[in-house]
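Below, each chain spelled out in residue letters.
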Amino acid sequence: MKTYLALDVGGSSIKYALIQEDSTILEKSSVPTPMDTMDHFVETIGTIYDQYKDRIEGMAISMPGIINPEIGYAFTGGALRYIDKMNIVDILKERCPINITIGNDAKCAANAEIGYGNLQDIQDGAVVILGTGIGGCLIKDHKVHTGRHFSAGEFSFVKTNCLDGISWDYAWSTRNGIKGLLERVQESLGTNQEYTGIEIFDMANQGDEKVIEGISQFCKEVATQIFNVHIIFDCEKVAIGGGISAQPLLIELINKHFDNIFDHLGFDVYKPEIVPCHYRNDANLIGALYQHIQTFQ
């Protein structure tokens, strides 16, 4: 069975793994992400490559930014500000002479679900990643839909208030990123105290009604935006990812509010299934691998 090196470039660390083509992870580690220069970035990747170059068929990379996955061109690099309008594959190949692919991180997470996870059985759907912002991806004909300018599914930018189309106060990323969850819970509790996502769900799972009320309001907004995505794109299934997607209460409340929307719609519209992503912390690694295999098969 063929083996590959997959890397997930994040804002703080680069996770990397030796993975077989059936998605089995053989070994995994991480290093800090260089935040200073492209040269430092290339050498960091190169050092990882050197450890495995005699054992791998190719290198698959997930990273932030607006990316053309067909040629490995990054228009932006997200938090990696030194990446701007450059072909990452060409640059890395000078240091790592092997087949290389790169893809946007949220779209890699979607590829993991298409290839090996909970979206293997659909043609059209969406992935919504609840994190610092809202990662997103549309799936068309069982493939990630990148869009003409490679920014399809950038759900963070969705405006949720038609009366304020300028500020970020009502962007979907603001309302339903992790900060938005905290704010909904603080509003319900009537406090300014800071809580982590883990603390919030610990309180909810222990039966704190006020916290559950705050989470429910958060989930109502998520469900409403998923409904809007579905009405535009006609999804068969929508997968929810991000760290908090592991919480059964989150999926339960999103589905509750989603069902309520359809119960009061008054029209016969297909209702897609909402499911958690199968892959969580390793989604970008697995999805980068799937994209790589599809590229070179």
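None of the values given here were measured: they were computed from a predicted structure.

Chemist: Would you explain the side chain of serine 216 in this entry?
Modeler: In this structure, serine 216 sits in helix H7 (residues 209-233). Taking relative accessible area as the criterion, serine 216 reaches 12% and is therefore assigned buried. If we skip the residues at most four places from it in the chain, serine 216 touches Leu253 and His257.

Chemist: I'm lost on the sheet that holds strand S9 (residues 125-130) in this one. Help?
Modeler: Working definition: the strands of a sheet are paired by backbone hydrogen bonds and lie parallel or antiparallel to each other. In space, the five strands of this open sheet follow the order S11-S10-S9-S12-S13, with mixed pairing throughout. Across the chains shown, the open sheet's two edge strands, defined by having one partner strand only, are strand S11 (143-145) and strand S13 (273-276). Within this sheet the neighbouring strands show an average axis-to-axis angle of 30°, counted without direction. Sheet analysis places strand S10 (residues 134-140) next to S11, joined by three bridges and oriented antiparallel. Looking across to S11, one finds that leucine 138 is bridged to histidine 145. Seen against the sheet, helix H8 (residues 248-263) touches S9, strand S12 (237-241) and S13 and runs at an angle of roughly 170° to S13.

Chemist: Hey, could you run me through the nonpolar core in this one?
Modeler: Soluble globular proteins tend to bury their nonpolar side chains together. Ranked by internal contacts, the top residues of the largest apolar core, which has 37 residues, are Val128, Leu130, Ile200, Ile215, Ile226, Ile240 and Leu250. Listed by contribution, the elements that provide at least two residues to this core are S9, S10, helix H5 (178-189), helix H6 (197-205), H7, S12 and H8. Looking at this core, the element that brings in the most residues is H7, giving ten residues. Each residue touching isoleucine 215, except ones within four places of it in the same chain, is listed here: Leu181, Val185, Ile200, Phe201, Ala204, Leu249 and Leu253. Counting residues in each nonpolar core, the second largest holds 30 residues, with Leu7, Ile14, Ile45 and Leu92 among its members.

Chemist: Explain the sheet that holds strand S3 (residues 25-32) here, please?
Modeler: The strand order across the open sheet formed by five strands is S3-S2-S1-S4-S8, and the pairing between neighbours is mixed. Of all strands in the sheet, those bounded by a partner on one side alone are S3 and strand S8 (100-104). Each strand of the sheet is rotated relative to its neighbour by a mean of 20°, with strand direction disregarded. As paired strands, strand S1 (residues 3-9) and strand S2 (residues 13-20) are joined by seven bridges and run antiparallel to one another.

Chemist: Would you mind going over the pattern of salt bridges with me for this structure?
Modeler: Where charged atoms from two side chains of opposite charge approach closely, those side chains can pair. The tally for this structure, following the rule as stated, stands at 14 salt bridges. Ionic pairing is found between aspartate 282 and lysine 28, a salt bridge with its closest N-O pair at 2.9 Å. With aspartate 282 in the loop between S13 and helix H9 (283-296) and lysine 28 in strand S3, this residue pair connects regions lying 254 residues apart in the sequence. By relative accessible area, which is 48% here, lysine 28 ends up partly exposed. As a salt-bridge pair, lysine 237 and aspartate 121 come within 3.2 Å of each other at their nearest N and O atoms. Highlighted residues: lysine 237 in strand S12 and aspartate 121 in the loop between helix H3 (105-115) and S9, separated in sequence by 116 residues.

Chemist: Is there a simple way to explain unusual backbone geometry in this structure?
Modeler: A positive phi angle is found at serine 23, which is not glycine, with a value near 85°. The topology assignment puts serine 23 in the loop between S2 and S3. A positive phi angle is found at aspartate 141, which is not glycine, with a value near 55°. Mapping aspartate 141 onto the fold places it in the loop between S10 and S11.

Chemist: What is the right way to look at the pairing of S10 in this model?
Modeler: Every regular strand shows the same layout, with side chains that alternate between the two sheet faces. Among the seven residues that make up S10, six are buried, leaving the element largely enclosed by the rest of the structure. As paired elements, S9 and S10 share six bridges and run antiparallel to each other. Considered in S10, the bridge of glycine 125 is made with isoleucine 139. The turn joining S9 and S10, which pair antiparallel and follow one another in sequence, is formed by three residues. Between the end of S10 and the start of S11, which pair antiparallel, lie two residues, with aspartate 141 showing a positive phi angle near 55°.

The rules behind the values
- Position labels on residues start from 1 in each chain and follow its written sequence.
- Local features in this predicted model are restricted to residues whose pLDDT is 70 or higher, and side-chain atom pairs enter the listing and the counts only when it is 80 or higher, whereas totals over whole chains, interfaces and linings include all residues.
- Heavy atoms from the whole structure form the basis of all side-chain values; hydrogens and water molecules are not counted.
- Runs of E in the DSSP output that reach at least two residues are strands. Runs of H or I that reach at least four are helices, and both are numbered from the N terminus.
- Only protein chains enter the accessibility calculation, which uses a 1.4 Å probe. A residue is then buried if its area is under 20% of the maximum for its type, exposed if over 50%, and partly exposed in between.
- Note on definitions: a residue-residue contact is assigned when non-hydrogen atoms from the two residues lie within 4.5 Å.
- Paired strands, in this sense, are two strands between which DSSP finds at least two bridges.
- Helix axes are fitted only over the stretch in contact, all axes being lines through C-alpha atoms; the angle between N-to-C directions runs from 0 to 180 degrees.
- We define the nonpolar core as a collection of buried residues of types Ala, Val, Leu, Ile, Met, Phe, Trp, Tyr and Cys that are connected through side-chain atoms lying within 4.5 Å of one another.
- One speaks of a salt bridge when a side-chain nitrogen belonging to Lys or Arg is within 4 Å of a carboxyl oxygen belonging to Asp or Glu.

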